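Listed below, chain by chain, are the residues.
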Amino acid sequence: MSQLPIDEALPALKQALNAHSRVVLQAPPGAGKTTRIPLALLDEPWLAGQSILMLEPRRLAARSAAGYMAQVLGEEPGQQVGYRIRLERRVSRATRVEVITEGILTRRLQDDPMLEGVGLVIFDEFHERHLDSDLALALCLDAQRSLRDDLRLLVMSATLDGNTLANTLAAPLVESMGRSYPVDIHYLPRDPQGALAAVATQAVVRALDEQDGDMLVFLPGAGEIRQSLEALGREAACEAVLLVGLYGDLGLAQQRQAILPDPQGRRKVVLATNIAETSLTIEGVSTVIDSGWQRVPRFDPRSGLTRLERVRVSQASATQRAGRAGRLGPGVCYRLWGENTQRGLVPYNPPEIATADLAPLALELALWGVQDAAGLTWIDPPPPGSLSQARELLTGLDAIDAAGRITAEGRALAELPLHPRLAHMVHAGKALGHGALACDIAALLSERDIFAGREARSLCDFSLRLEALWAFRRKGGAAARRLGAEPAVLSRLERSASLWRKRLRLSETAPESCHTTTGLLLALAYPDRIARLRDNTGERYLMSGGRGALLDVQCDLTGTRWLVAASLDARGAEGRIRLAAPVDFAALQQHLPHLLTESERVYWDRDSAAVLARFKRRLGAIVLESRPLEHPEPQAVQCALLEGIRHSGLACLPWNREASELRARIMFLQRHFPDQGWPELDDSTLLGGLEQWLAPYLSGMGRLSDLGRLRLGEILAAMLDWEARQRLEEGAPATIQVPSGNRRHIDYGDEQGPVLAVKLQELFGLEQTPTVAWGKVPLTLHLLSPARRPIQVTRDLKSFWQRTYPEVKKELKGRYPKHPWPDDPFSAQPTAGTKRRPRD
């Protein structure tokens, strides 16, 4: 067996696993960790009689790794080394190393938390940070802590910060330096502006001329790969070159053609997604062309939709991709972006748990018995907002109860390897007698669109996919191909549908005349995407979840009144419907009555400044019927009116002088004598207590204009008993008699204290400043001229007479000669009139 870089780290790794239950291994791509380590650990004493589970994020990598290890042992997969992936397994009683994909490990943990017979779980390529890997690690850590302290966990990563990972897991770190040859990096002068497939095609033609050996081209998705393959097929430079694609939806034979050397010895160009970034070794590659883009799923909590977004790769991914050219010798990497862009790349890709739809994770946690995700150990915990939204969905599907505990329905949904929405559709569809059709629909929605790559605007009718699947089922690949579908994908879909039919114990396939039921079944999975036409254009819809959606005018469903959107592009203010089926509203009423709600709503309408009362029948956000309520509950009307008053503020009440002054007098005493039980009448207290002091007087009122009938002064006075009213008159009288004999108004609304505005001549003979509050608070005197213009403000009347009055007299006597200006104000006769004629 040839030496690999990882071999030097094996003694340290064995020592660490012998002493610790958790170990982190950091080794660069190409070190050989995936295929060397499981076999090297088989004879360790702590593993005696037990097996190894190795988690691989991708099906192709799992199958390839198991095949290589079996070959090393001189066996076929399924003996000592086997694999288990979706719809395929090669294992036996003799299997001691089982390579499995992520969802399968989670399912095995749920079925057997003890992991009986398993001594080691290896998390390979953990740096990819898939949601299922993070979940499986959290469950394994919990099982190790609670049930299996002898279970060992090995987390292997190529690019993550190993020290941080080791610290989080409280595990030792073993590092392998690996072996790589220098790679010469070429950048473009600037970021390209043209279509990505065209830019990649030009780069391949250039590299074929400048370099030798096979070539690996990284593109974001299958669509760009197909476009590039088509363009390269027309290039003279590629006539003698084997052009192959590599992505997850390809058949096994096509994937092997991409990985293995060409039997005819031709030079090979492999166009791949990030599936070839780490876990697969493509032999003979010495040149890498990196587009710098990848497609990742992003969940939008606002819309509840997941969409694939094309985003820039991280610096770590770019480094790994370039390293593919230096596995066997010195290599070259052409990066299809400028150096300035390179410096702006994020260091690492964000973990999927931060951006994914967490409904599947929430269901698994409930099945595990966890209501609080914080009780588990996470590398990155699930975002609380996304997790809460996921639990709301599961509650609506009856998968968990209000406390977050798994229900019988939830256990049934978890048994199917489907998103909870689709699992619910399959189970409920069976109860409706349409289980086989639900299996077909679930299969079509679980895989990439069979019409991907074609002009899809006119193919938005979901029934076209069903027809292609049924054609494939009856007549094989040729019939499906004539409809524009990919037979390889349909073959996988048929196996999935068959598997789910077996699990549901359905013996027959779906009848091919049940198109009208398709929309109903989709509504079971996507009750929030039931949509009704909202105008006469035939394109704009309102979905029951509250979001607007657009249907392309070229779609055959345009103008359909009711439909269910199975796939949407969530970008923009209104989503764009990519895939839908019509639905009969009568069927929704019959089979999904729980989606329909009726309400009698009495509410405050700001626009009309009035209480409105309406009966509404809804399907989510879609209003089916709306009419006025003739006799709304008086209590509800009153509550709504109070809401309107709070929104409008106290200024909407009829504050005449009487009411305003009474409020000010009470507030004055409350401020100075807080222990005497005076009511608090500030804005916030009055608004907060409307139900107590104002509501009893609102009978028969429903508009702001009706409030003018209120006698606010009497309402405020009613807050005081008879004794308090007497004390109010004593401590905060509304008027006071001045020396002239007249009663003058006291203003209690000034923040500085109560104010008495009075003509100076009316106070002759008065030495001390008048007081209120039982003599404790002097009035602020606004002394007025005969023309009632302010002369002086004072709280010390005696000082004014002695010091200021002489100057005032000198200034005003000539201006008002008919009014008295005595030399001695203390002994002068007070008057409100002139010298000749006193007046009141």
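Residues numbered from 1 in each chain as written. Predicted model: local features only at pLDDT ≥ 70, side-chain atom pairs only at ≥ 80, totals over all residues. Heavy atoms only, no water.

**Topic: the state of the cysteines**
- Tallied over the entire structure, the rule returns 1 disulfide.
- The disulfide bridge from Cys460 ends at Cys555, spanning 1.6 Å between sulfur atoms. Taking the sign of the torsion about the S-S bond as the criterion, the disulfide between Cys460 and Cys555, at about -80°, is left-handed. On the criterion of sequence distance, the pair formed by Cys460 in the loop between α16 (435-446) and α17 (463-475) and Cys555 in the loop between β19 (548-551) and β20 (562-569) is long-range, its members being 95 residues apart.
- A residue is classified by how much of its surface remains accessible, and Cys460, at 2% relative accessible area, is buried.
- Judged by relative accessible area, Cys555 falls into the buried class, the value being 4%.
- Cys333 forms no disulfide, and the closest cysteine sulfur to it belongs to Cys238, at a distance of 19 Å.
- Here Cys652 is not cross-linked by a disulfide; its sulfur's nearest cysteine counterpart is in Cys639, at 16 Å.
- The exposure class assigned to Cys652 is partly exposed, which follows from its relative accessible area of 21%. (Disulfide = S-S within 2.5 Å. Helix = DSSP H or I, 4+ residues; strand = E, 2+ residues; numbered from the N terminus. Buried < 20%, exposed > 50% of the residue type's maximum accessible area, 1.4 Å probe, protein only.)

**Here's the deal with the pairing of β19**
- Sheet analysis places strand β18 (residues 540-543) next to β19, joined by 3 bridges and oriented antiparallel. Paired with Arg540 across the two strands is Leu550, which belongs to β19.
- Here β18 folds back onto β19 in antiparallel fashion, the turn holding 4 residues, of which Gly546 has a positive phi close to 100°.
- By the bridge criterion, 3 bridges tie β19 to strand β21 (residues 575-582) in an arrangement that is parallel. Counterpart to Leu550 in the pairing with β21 is Arg576. (Pairing = 2+ DSSP bridges.)

**Topic: the environment of Leu87**
- Checked against the element boundaries, Leu87 lands in the loop between β3 (81-85) and β4 (88-90).
- For Leu87 and Gln737, which are 650 residues apart along the polypeptide, the C-alpha to C-alpha distance reads 101 Å.

**Digging into the pattern of salt bridges**
- Taken as a whole and assessed by the stated rule, the structure comprises 40 salt bridges.
- One salt bridge in this structure joins Glu230 and Arg234, with 3.6 Å as the shortest N-O distance.
- Judged by its relative accessible area of 54%, Glu230 falls in the exposed class.
- Arg617 is paired through a salt bridge with Glu598; the nearest N and O atoms lie 3.8 Å apart. Taken as a pair, Arg617 in strand β23 (residues 610-619) and Glu598 in strand β22 (residues 596-605) lie far apart in primary sequence, 19 residues in all. (Salt bridge = Lys/Arg side-chain N within 4 Å of Asp/Glu carboxyl O.)

**Describing helix α19 (residues 487-503)**
- Here α19 spans 24 Å end to end across 17 residues, near enough to the 24 Å set by a 1.5 Å rise per residue.
- Pro487, Val489, Leu490, Arg492, Leu493, Glu494, Ser496, Ala497, Trp500 and Arg501 are the residues of α19 that are buried.
- Its buried side turned inward, α19 meets α3 (59-72), α16, α17 and α18 (477-482).
- Of the residues flanking the end of α19, it is Arg505, one or two places downstream, whose phi is positive at about 60°. (Expected span 1.5 Å × (residues − 1). Contact = heavy atoms within 4.5 Å.)

**Points about the nonpolar core**
- Judged by nonpolar contacts, the single largest core of 110 residues is most densely connected at Val121, Phe123 and Met425.
- The residues contacting Val121, other than those within four sequence positions of it, are Leu53, Leu105, Leu115, Cys140, Leu151, Arg152, Leu153 and Leu154.
- The next biggest cluster of nonpolar side chains, apart from the first, holds 59 residues, and it includes Ile645, Ala724, Val758 and Leu812. (Core = buried A, V, L, I, M, F, W, Y, C linked by side-chain atoms within 4.5 Å.)

**Considerations on helix α7 (residues 196-210)**
- Spanning 15 residues, α7 covers 21 Å between terminal C-alpha atoms, matching the ideal 21 Å at 1.5 Å per step.
- Within α7, the full set of buried residues consists of Leu196, Ala197, Val199, Ala200, Thr201, Ala203, Val204, Ala207 and Leu208.

**Regarding the sheet that holds strand β17 (residues 530-533)**
- If you trace the 5 strands once around the closed barrel, you get β17-β18-β19-β21-β20, paired in mixed fashion. On average, each strand axis in the sheet is inclined to that of its neighbour by 50°, with strand direction left out of account. (Axes fitted to C-alpha atoms, helices over the stretch in contact; angles between N-to-C directions.)

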